[in-house]
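Residue-level structure breakdown
So you can see what is in the structure, the chains are spelled out below.
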Amino acid sequence: MEIKAITLGDMGTNCYLVSGKSGAVVIDPAVNSAEVTEFLKKNENKERLILITHAHFDHIGGAKTLSEETDTKIGIGEFDNDGLSNPNKNLSQLFGVDLTHFSADILFKDGEKFSVGDLEFEVIYTSGHTEGGVCYLLNDNLFSGDTLFYESIGRTDFPTGDLRKLINSVHKLFELDGKIKVFSGHGPSTDIDHEKQFNPYIR
Ligand SMILES: [Zn+2]
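Just so you know, these numbers come straight off a predicted model, no measurement behind them.

**Some details on the coordination of the zinc ion**
Here the zinc ion is held by His54 (NE2), His56 (ND1), His129 (NE2) and Asp146 (OD), and the distances to it run 2.2 to 2.4 Å. Viewed at the metal, the four donor atoms of the zinc ion are separated by angles of 87 to 170°, and the geometry they form is irregular.

If you want it as structure tokens, here you go:
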């Protein structure tokens, strides 16, 4: 299994390209990207899926076109699907970004497990940065979106943000095995142990 991070768009969003023996996944296609499209095309013999951690414009901007160009379905947490077509919730209005509205094909529930080829994921519902944000756990790798960053946490001053919920969500992540690597929506990767020790927002 290989995880490749590429940073896309004006907000410096981390988009992750995950490839296994028989599965390939793109997490948070921030903007249209030839490299991301190429990744799914070259893996067309595998089962494929586009995953979205939360419905903010800087994580979803490339999803619709990518889905159409590569014939790949899109999955998101069940409570953030409406944000994909809501310019207030997805912040495209606030940031003046032209975004094609769409709806996901698969809506995940908290704790749901699913596989994409040999890649086995678990959904962890992490409300707070947005109402319906989720993290995706793949073996010892957590894709944390804008819930948990290296020594930081996500903003809660956008529509549907809630600091109390976000802190509860991060506590939930801190119950995971300490050695789990954390691949965030922005900035460097980290791990659960490091954040338990050094994250200044969680006490
Ligand atoms: Zn966000």
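We are not done yet, so read on.
**Quick look at a nonpolar patch on the surface**
Where nonpolar side chains cluster on the molecular surface, the patch consists of Met11, Leu94, Phe95 and Val97 and spans about 340 Å² of accessible area. Along the polypeptide, Leu94 turns up in the loop between strand 5 (74-77) and strand 6 (106-108). Residue classification places Leu94 among the exposed positions, given a relative accessible area of 59%.

**Examining the pairing of strand 5**
When strand 4 (residues 47-51) meets strand 5, the two strands line up parallel, connected through two bridges. Bridge pairing links Leu51 to Gly75 in strand 5.

**As for the packing of helix 1 (residues 34-42) against helix 3 (residues 63-70)**
The geometry of helix 1 relative to helix 3 is characterised by a closest axis approach of 10 Å and an angle of 30° between their N-to-C directions. Both helix 1 and helix 3 take part in a crossing whose hand is right-handed. Seen from helix 1, the contacting residues are Val36, Thr37, Leu40 and Lys41; seen from helix 3, they are Leu66, Glu69 and Thr70. Residues of the contact of helix 1 with helix 3, tallied by class, amount to three nonpolar, two polar and two charged.

Analysis parameters
Residues numbered from 1 in each chain as written. Predicted model: local features only at pLDDT ≥ 70, side-chain atom pairs only at ≥ 80, totals over all residues. Heavy atoms only, no water. Donors = N, O, S within 2.8 Å, 3.2 Å for Na, K, Ca; no water. Tetrahedral: all angles 85-135°; square planar, octahedral: opposite > 155°, others 65-115°. Patch = residues over 30% accessible without salt bridge, like charges linked within 9 Å, V, L, I, M, F, W, Y side chains within 5 Å. Areas by Shrake-Rupley, 256 points an atom, 1.4 Å probe, with all protein chains shown as cover. Salt bridge = Lys/Arg side-chain N within 4 Å of Asp/Glu carboxyl O. Helix = DSSP H or I, 4+ residues; strand = E, 2+ residues; numbered from the N terminus. Buried < 20%, exposed > 50% of the residue type's maximum accessible area, 1.4 Å probe, protein only. Pairing = 2+ DSSP bridges. Axes fitted to C-alpha atoms, helices over the stretch in contact; angles between N-to-C directions. Left-handed = near helix turned anticlockwise from the far one by under 90°. Contact = heavy atoms within 4.5 Å. Nonpolar A, V, L, I, M, F, W, Y, C, P; charged D, E, K, R; others polar.

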